[in-house]
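Chains, contacts and geometry: an overview
Take a look at the letters that make up each chain.
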Amino acid sequence: MSQTAERIETLLKERRTYQPPAAFKRTAHVRSKKPYQEASRDRLKFWAARAKELEWFKPWKKVLEWNPPHAKWFVGGKLNASVNCLDRHLKNGRRNKVALIWEGEPGDRRTLSYWDLHREVCRFANVLRDLGVKKGDRVAIYMPMIPEVVVAMLACARIGAPHSVVFGGFSAESLKDRINDAEATVLITADKGYRRGQVVPLKRNADEALKETPTIRHVVVVARDGKGSEAAGIEMQPGRDHWYHELMSRASPDAKPAVMDAEDLLFILYTSGTTGKPKGIVHTTGGYLTHVTATTKWVFDLKDDDVFWCTADVGWVTGHSYIVYGPLSLGATVVMYEGAPDWPDKDRFWEIVERYGVTVFYTAPTAIRAFMKWGPEYPARHDLSSLRLLGTVGEPINPEAWIWYHQHIGGKRCPIVDTWWQTETGGIMITPLPGVTRTKPGSATLPFPGIEAALLDGDGNEIKVGGGFLAITSPWPGMLRTIYKDDQRYRDTYWGRWPGKYFTGDGAKRDRDGYFWILGRVDDVLNVAGHRIGTMEVESALVSHPAVAEAAVVGKPHELKGQALVAFVILRAGVSNRPELADELKQHVATKIGAIARPDDIIFTADLPKTRSGKIMRRLLKDIAAGRALGDVTTLADPAVVQALKEKYEEQES
Ligand code: WTA
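What counts and how
Residues numbered from 1 in each chain as written. Predicted model: local features only at pLDDT ≥ 70, side-chain atom pairs only at ≥ 80, totals over all residues. Heavy atoms only, no water. Axes fitted to C-alpha atoms, helices over the stretch in contact; angles between N-to-C directions. Helix = DSSP H or I, 4+ residues; strand = E, 2+ residues; numbered from the N terminus. Parallel < 35°, antiparallel > 145°, perpendicular 65-115°, else oblique. Left-handed = near helix turned anticlockwise from the far one by under 90°. Contact = heavy atoms within 4.5 Å. Nonpolar A, V, L, I, M, F, W, Y, C, P; charged D, E, K, R; others polar. Phe/Tyr/Trp six-rings, centres within 6.5 Å; stacked < 30°, edge-to-face > 60°. Buried < 20%, exposed > 50% of the residue type's maximum accessible area, 1.4 Å probe, protein only. Lys NZ or Arg CZ within 6 Å of the ring centre and 35° of its normal. Domains from an automatic or database assignment. Buried area = accessible area lost by both parts, 1.4 Å probe. Salt bridge = Lys/Arg side-chain N within 4 Å of Asp/Glu carboxyl O. Polar contact = N/O pair within 3.5 Å; in protein donor to acceptor, adjacent residues only side chain to side chain.

For any two helices packed against each other, the geometry comes down to the angle between their axes and how far apart the axes lie. Where helix H7 (residues 147-159) contacts helix H12 (residues 317-330), the axes come no closer than 12 Å and their chain directions differ by 60°. Judged by the angle between their axes, H7 and H12 are oblique. Of the two possible hands of crossing, H7 and H12 adopt the one that is right-handed. For the pair H7 and H12, the contacting residues are Val150, Met153, Leu154 and Ala157 in the first and His320, Val324, Tyr325 and Leu328 in the second. Across the contact of H7 with H12, the residue classes tally to seven nonpolar, one polar and no charged.

The tally for this structure, following the rule as stated, stands at 40 aromatic pairs. For the pair Phe167 and Trp316, a centre-to-centre distance of 4.6 Å together with 35° between the ring planes defines the contact as tilted. Taken together, the residues Phe167 in the loop between strand E7 (163-165) and helix H8 (172-182) and Trp316 in the loop between strand E16 (307-310) and H12 connect sequence positions 149 residues apart. In terms of burial, Phe167 and Trp316 fall into one category: buried. Here Arg178 stacks its cationic end above the ring of Phe170, 4.4 Å away from the centre of that ring. The ring of Phe503 has Arg497 lying over it, and the distance from NZ or CZ to the ring centre is 4.1 Å.

The domain boundaries assigned to the protein chain delineate domain 1 (22-507) and domain 2 (529-653). Taken over C-alpha atoms, the centre of domain 1 sits 33 Å from the centre of domain 2. Counting from both sides, the interface comprises 24 residues of domain 1 and, opposite them, 20 residues of domain 2. Summed over both sides, the interface between domain 1 and domain 2 buries roughly 1,600 Å², with carbon and sulfur atoms accounting for 48% of that surface. Here domain 1 and domain 2 share two salt bridges between them. The shortest N-O distance in the salt bridge between Lys592 and Glu173 comes to 3.2 Å. For the interface between domain 1 and domain 2, the tally reads 12 residue pairs in polar contact (both at pLDDT 80 or more). Only H8 and helix H14 (365-374) provide two or more residues apiece to the side of domain 1 that touches domain 2.

In structure tokens form, the structure reads like this:
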């Protein structure tokens, strides 16, 4: 049985439902189905009402201009994202409210009020302007989870320079490719970060990347542990590299915000696709900010006394939308933590929840499965009674993990919002509203008001009940506008299948109540521990090793990570298989892309199963990797290849 079939089977057995608790419902922002009705009556009016909750320098003339596949939202409107996240809270009584509660992995702590954050952002906006950064120039950010990464992002937004945040776990080579694609002129990094007790040498990695990034003129380096404790061995190239604290000490805390058009670029964020080259997903200002602000408010039901903790890294879209832009635009208090959940012990997250009285907690199913494996004694050590709402994102959640989360973290009193969305969608798309929606473990439930989703078959016919491809059938404010410098790829990837309808790359099932059950990717993208990884990217990394002639990468089910990578490798003629070669290849991939892409298994083979036209049959490789009985092999050029491979893999596993 395939992995998808297995998931369908489990889901079919899942009949438990959970009503929003009465106490929760009483105070929720959304208590009735009215927003759904309003949005379906007049979707544009609904979104315009959400946009009006932001502060605009100049109102828009038209809500939507849709020339498929290109959308413009809030046409003619002018605003600035940093003004919405900061300045407006200086006037509405929140200026001394805590914006960020930060905790470093080693245990250091800082809190910044909205006023503090405003001053820092303005100073850094001035620093960037002094370094010659102008509206429209791209700025790359490669940082640990420290407050300065938020300062850097908002300072870019303030001066209208699109940021491109590169996850700090990516390798030098990945950083280099992303800098070069965006032609960034400035890089902001740190001397180091901490992860699971280890130092992450960000500046050293950056220096490696900077050998081949001709567009970079300046590098700003944050001293992670402050002035005077700069990491040893950091080389600063005179004229190019500058210490953040030195530049900041001379900068003024007032900076005029750039007046941005609603459709001006806010950021580029690279994500994996089905080719070897990551896609620069382009998000603009007005629609994106409207979408993330509205969803943060309603999905997480944020109020002024909430303490919101989204455990994602800012290097991913979840961090952009639900650590930075959504919560700060609402004036919320946000918790930010630098390190690993099991450092120094497996109760670190629960210690943080208790210490700061976190009320709304948002994490990934892969983390929940790890908590389950570690055991309920870790959360039980702490008082988690401040929690009132839980969320998940990033991959399908299995009902057992949902129930465990509900019981051991939520004390059976917290609703759970399973939120489906993507880097491309900008914000949450399919989700419960916690005061309204009856939830079913494993289902992301229904589209957010104003979002239109459908299941389609290969010909584009709608499937009301059953399985199909998940599509979004009308434009939405937070949608990607294009792929940076590759509009053709944008058209082909997302809009090529069904004209005017967005193809998500996910398969899903819809039940009789209209609930969506996301099954996972149907393309050559894998989801390993909630991180998107393209099989082609890993294959290109493998064939760049001198010993490798050909490689095929597939996913296999993994208890904690959801999926793990298995690589089938053909060695070059004359290369003999040394015992340490498998480890060397795994390390090679980690060095090329980042540790998140390290394959779990490498299978050496003399041949790969191909169709008569020469296409690798991934479906068969997946069956082999998952240890399942083989599917149909009649279209294979040489069926014997498969049997031999399967025997080899089973031998290696045993
Ligand atoms: C998967 C992360 C099931 C899906 C925000 C999607 C999910 C990909 C869910 C996007 C969910 C995300 N249930 N699957 N609640 N949320 N996914 O771009 O396959 O890193 O296409 O964005 O994650 O991953 P990305």
